[in-house]
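# Topology and contacts: notes
So the chains spell out like this:
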Amino acid sequence: MVAEPRERAASSMPDGVGDDHKVLFAIPKKGRIHEEVMKIIKGSGLDAKRPERLDVAVHKDLPLKLVFLPSADIPTYVMEGNVDIGISGSDMLEEASFAAGHDRPVVEVMQELGIGKCKLCLQAPKDKCHLGPKVFVGKRIVTSFPELSRRFFEKHRDQASQETSIKVVSGSVEAACGLGLADAIVDLVETGTTMKAAGLDIVSDVLETEALLFRQVHNGSDPHGKDQIMNMIDQRIRGYITSTRFVMVVCNVHDVNMAEVTSLMPGKRSPTVTALKESGWHSVSALVKISDSNKVMDELAKAG
């Protein structure tokens, strides 16, 4: 497998950020998940005023600094201990981990955020997609994910196959085939609009990805109490995400209908059932996905 070397770019970490007494929280400074991440940060009460042209914001109430960095750099900074906690895509996390020589990410994933969902795919001109991924082993591949691409083609390579040439570019990957620079590409597909506009289609999926919240692996030492703040960040984000995806449904139910009603609204764990003053009646409350709420209400009305 031949992959052109990619030197690590100059540090994207702003100067003077380090602080033993504050949690450093790395946030994507731009890109496809930036706006959605900022909604979560603000909704969780973790936002801070960001001075113009600066990539650091200090929270006014918490020992917390938000550090705005390129998404691709965040996993490396977390793994190396430059920041304490961060948000980036699982694709970026795996790519950085493999590039650092690890077989799997050496961070603690705290939660999946359910945003930025897409697929990393092997793509080729439409008339060649039916040939399957093995046809592209030994060919010219352009990508922003050299390590993930290398591992993908190694899985499909047999001993007689030629080495696959992987060229790394940082943008406009989809143009490589049309310019004659590549036989296929490995790139992210969200809606497929850009891919189709370039005359490409999917040959095979490489990886499914979404945004993750992750931190350094805990080593047992916490002299400045950062673990407590990071756990609070995790809890706040979980609470905000729950509030945006669920609604509380409350209804009064007779014992005769209890089994049917609780089956319709099982909640995240289980419904809360409280006895009412009137004999044989209970109040039942449970979290229901907002997307399912109208259907559940219809079924509850039928159940009486």
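Remember, it's a predicted structure, so these values are computed and weren't measured experimentally.

### What about helix H6 (residues 226-245)?
Taking 1.5 Å of rise per residue, the 20 residues of H6 would be expected to cover 28 Å, and the 29 Å separating its terminal C-alpha atoms lies within 8% of that figure. The complete set of buried residues in H6 reads Lys226, Asp227, Ile229, Met230, Met232, Ile233, Asp234, Ile237, Ile241 and Thr242.

### Details of the sheet that holds strand E6 (residues 107-112)
Reading across the sheet, the six strands line up as E3-E4-E2-E5-E12-E6 and stay open at both edges, with mixed pairing between neighbours. Across the chains shown, the open sheet's two edge strands, defined by having one partner strand only, are strand E3 (56-58) and E6. Adjacent strand axes in the sheet meet at a mean angle of 25°, parallel and antiparallel pairs treated alike. Lying over the sheet, helix H1 (residues 34-43) contacts strand E2 (23-28), strand E4 (64-69) and strand E5 (85-89), oriented at roughly 140° with respect to E2. Helix H3 (residues 90-99) rests against E5, E6 and strand E12 (211-216) of the sheet, and its axis sits at about 105° to E5.

### Observations concerning the sheet that holds strand E14 (residues 272-275)
The three strands lie next to each other as E13-E15-E14, forming an open sheet whose pairing is antiparallel. Pairing within the sheet leaves two strands with one partner each, and these edge strands are strand E13 (246-254) and E14. Geometrically, the sheet is characterised by an average inter-axis angle of 20° between neighbouring strands, direction not taken into account. Where E13 lies against strand E15 (residues 281-289), nine bridges are found, and the strand directions are antiparallel.

### Quick word on the confidence of the model for the chain
When the pLDDT values of the chain are averaged, the result is 90; 92% of them are 70 or greater. Per-element confidence in the chain ranges from a low mean pLDDT of 50 for strand E1 (residues 2-3) to a high of 97 for E5.

### Points about the nonpolar core
With 28 residues, the main nonpolar core has Phe25, Leu46, Leu66, Ile233 and Ile237 as its most contacted residues. Of all elements in the fold, only E2, H1, E4, E5, E12 and H6 reach the threshold of two or more residues within this core. Formed by 17 residues, the second largest nonpolar core is a distinct cluster that contains Leu122, Cys129, Ile141 and Val203.

### Things to note about unusual backbone geometry
The residue Ser172 is not glycine, and still its phi comes out positive at about 50°. Along the chain, the position of Ser172 falls in the loop between strand E9 (165-168) and strand E10 (184-189). Relative accessible area serves as the criterion here: at 53%, Ser172 is assigned to the exposed category.

### Points about the pattern of salt bridges
Tallying each qualifying case throughout the model produces eleven salt bridges. Between Asp103 and Arg151 there is a salt bridge; the shortest N-O distance is 3.7 Å. Taken together, the positions of Asp103 in the loop between H3 and E6 and Arg151 in helix H4 (residues 146-156) put the pair 48 residues apart, joining distant regions of the chain. Given a relative accessible area of 62%, Asp103 falls into the exposed group. We note a salt bridge from Glu108 to Arg215, for which the minimum N-O separation is 4.0 Å. One end of the pair, Glu108, is in strand E6; the other, Arg215, is in strand E12, and 107 residues separate them in sequence.

### Describing the environment of Trp281
Of note, Trp281 is situated in strand E15. Relative accessible area serves as the criterion here: at 28%, Trp281 is assigned to the partly exposed category. Along the chain, Trp281 and Val253 lie 28 residues apart, while their C-alpha atoms are 5.6 Å from each other. For Trp281, the residues in contact, after removing those within four places along its chain, are Asn252, Val253, His254, Asp255, Ala275 and Leu276.

### Examining the packing of aromatic side chains
Tallied over the entire structure, the rule returns one aromatic pair. Above the plane of the ring of Phe68 lies Arg50, whose end atom (NZ or CZ) is 3.9 Å from the centre. A cation over an aromatic ring shows up here: Arg151 above the ring of Phe98, its NZ or CZ 3.7 Å from the ring centre.

### Notes on the pairing of E14
Pairing of E14 with E15 involves four bridges; the strand directions are antiparallel. Across the sheet, the residue bridging to Val273 is Val284, located in E15. Joining the antiparallel neighbours E14 and E15 is a turn of five residues, in which Gly280 adopts a positive phi near 85°.

### Side note on the environment of Ala72
Looking at where Ala72 falls in the secondary structure, it is placed in the loop between E4 and helix H2 (74-79). C-alpha of Ala72 to C-alpha of Val58: the two residues are 14 residues apart in sequence and 23 Å apart in space.

Each value, and the rule that gives it
- Residues numbered from 1 in each chain as written.
- Predicted model: local features only at pLDDT ≥ 70, side-chain atom pairs only at ≥ 80, totals over all residues.
- Heavy atoms only, no water.
- Helix = DSSP H or I, 4+ residues; strand = E, 2+ residues; numbered from the N terminus.
- Expected span 1.5 Å × (residues − 1).
- Buried < 20%, exposed > 50% of the residue type's maximum accessible area, 1.4 Å probe, protein only.
- Pairing = 2+ DSSP bridges.
- Axes fitted to C-alpha atoms, helices over the stretch in contact; angles between N-to-C directions.
- Contact = heavy atoms within 4.5 Å.
- pLDDT = per-residue confidence, 0-100.
- Core = buried A, V, L, I, M, F, W, Y, C linked by side-chain atoms within 4.5 Å.
- Salt bridge = Lys/Arg side-chain N within 4 Å of Asp/Glu carboxyl O.
- Phe/Tyr/Trp six-rings, centres within 6.5 Å; stacked < 30°, edge-to-face > 60°.
- Lys NZ or Arg CZ within 6 Å of the ring centre and 35° of its normal.

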